[in-house]
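Okay, here's what each chain looks like letter by letter:
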Amino acid sequence: DSLETAASIDQFTHFANQQEMEQRIRSATPGGYCLLLIGTRGLRRAEVQFGTEVGEELSGAFSKRLRNSLPTTAVISRWGPEQFVVMVTVNKSEATASGKWITDHLSGAYACLKAGKTVRPSLQLTIGIVDTAASDSPERIMQRVSAFLGIPA
């Protein structure tokens, strides 16, 4: 069980991975939740420009801020290298307000250390909302997620 749990968690962000979130979407009742889709630009660029350590530090800082910006009941997953999906049990207007707040407060420069000096890689976020309806199938929901994040379904 511990190996299975470890495999379902992203090692840098400690979020669930894509497969874990897909299982949650398949088992959840459509209409009872919204998905926040978060596309980031800058995580890979920071790693290339400043090195692996800075890339990991930036991922960790972003992850911590994201987790602290959401209700404790939110389930966060790393869907791809720069894509995140959050399952929240709120209505669409609350999800939209959360998405706007996240975009406003988590985009921008982050202070990271490289060889004892501060570097400031930046992140730009794009947010989408999937408001699940009772008539949505899990496959349709996942297609919408993949289409927004630009990942083949």
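Here's what I pulled together on the structure shown here.

Considerations on unusual backbone geometry
- Backbone geometry at Ala-115 places phi at a positive 55°, although glycine is not the residue there.
- Position of Ala-115 among the secondary structure elements: in the loop between strand E6 (112–114) and strand E7 (117–119).

Some details on the environment of Gly-108
- Its place among the elements puts Gly-108 in strand E5 (residues 108–109).
- Distance from Gly-108 to Thr-40, taken between C-alpha atoms, is 11 Å for residues 68 residues apart in sequence.
- Ignoring anything within four residues of it in the chain, the contact list for Gly-108 reads Pro-121, Ser-122 and Leu-123.

Observations regarding the pairing of strand E8 (residues 122–131)
- Relative to E8, strand E2 (residues 34–41) runs antiparallel, the two being bridged by 8 bridges. Across the sheet, residue Cys-34 finds its bridge partner in E8, namely Asp-131.
- When E5 meets E8, the two strands line up antiparallel, connected through 2 bridges. When the bridges of E8 are listed, Gly-108 appears paired with Leu-123.

Procedures and definitions
Residues numbered from 1 in each chain as written. Predicted model: local features only at pLDDT ≥ 70, side-chain atom pairs only at ≥ 80, totals over all residues. Heavy atoms only, no water. Helix = DSSP H or I, 4+ residues; strand = E, 2+ residues; numbered from the N terminus. Contact = heavy atoms within 4.5 Å. Pairing = 2+ DSSP bridges.

By themselves, these figures tell us nothing about what the structure is for.
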